[in-house]
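# Reading the structure
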Amino acid sequence: QVQLVESGGGLVQAGDSLRLSCAASGRTFSIYVMGWFRQAPGKEREFVAGIGWTGGFTYYGDFVKGRFTISRDNGKNTVYLQMNSLKPEDTAVYYCAASSRVVSRLRTDYEYWGQGTQVTVSS
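Residues numbered from 1 in each chain as written. Predicted model: local features only at pLDDT ≥ 70, side-chain atom pairs only at ≥ 80, totals over all residues. Heavy atoms only, no water.

## Quick notes on the environment of Leu18
Looking at the secondary structure, you find Leu18 in strand β3 (residues 18–26). The exposure class of Leu18 is buried, given its relative accessible area of 14%. Residues Leu18 and Gly56, spaced 38 residues apart in sequence, show a C-alpha to C-alpha distance of 21 Å. Not counting the four nearest positions on each side in its chain, Leu18 is found in contact with Gly8, Gly9, Gly10, Val12, Leu81, Gln82, Met83, Leu86 and Val119. (Helix = DSSP H or I, 4+ residues; strand = E, 2+ residues; numbered from the N terminus. Buried < 20%, exposed > 50% of the residue type's maximum accessible area, 1.4 Å probe, protein only. Contact = heavy atoms within 4.5 Å.)

## Focus: the packing of aromatic side chains
This structure, assessed with the given rule, holds 9 aromatic pairs. Plain terms: the ring middles of Phe37 and Trp113 are 5.0 Å apart, the flat faces sit at 55° to each other, and that makes the pair tilted. Placement of the pair is Phe37 in strand β4 (residues 33–39) and Trp113 in strand β10 (residues 112–113), with a sequence separation of 76 residues. Stacked on the ring of Tyr80, the Lys or Arg Arg19 has its end atom at 4.2 Å from the ring centre. The ring of Trp113 is capped by Arg45, whose NZ or CZ atom sits 5.0 Å from the centre of that ring. (Phe/Tyr/Trp six-rings, centres within 6.5 Å; stacked < 30°, edge-to-face > 60°. Lys NZ or Arg CZ within 6 Å of the ring centre and 35° of its normal.)

Shape is all these values report; function is a separate question.
Here you go:
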């Protein structure tokens, strides 16, 4: 099993930046990719960004358009999501997820999930 714990969410103003963290523990050697998803009220959970756990390759959701950056620190078993130029429409619960099998933007391909951290962007 892999345990994931997110942190770093909060209330910010439009245009501000925020960095989310996701600490992994347990059978971290089984992780292939880590991803960030988000879910706004009344909407489907959508893919934000992903990163190879060892290879470091990255991939993003279409809406990101250079505003967000995913990175990792394997020494700390932690993945980060740096979010810049935040907009009110970025308001959502952000979830960290891990997959042991495949590079994917589909939530169903991720076996492990954190509890989520709330990000609220005021206008």
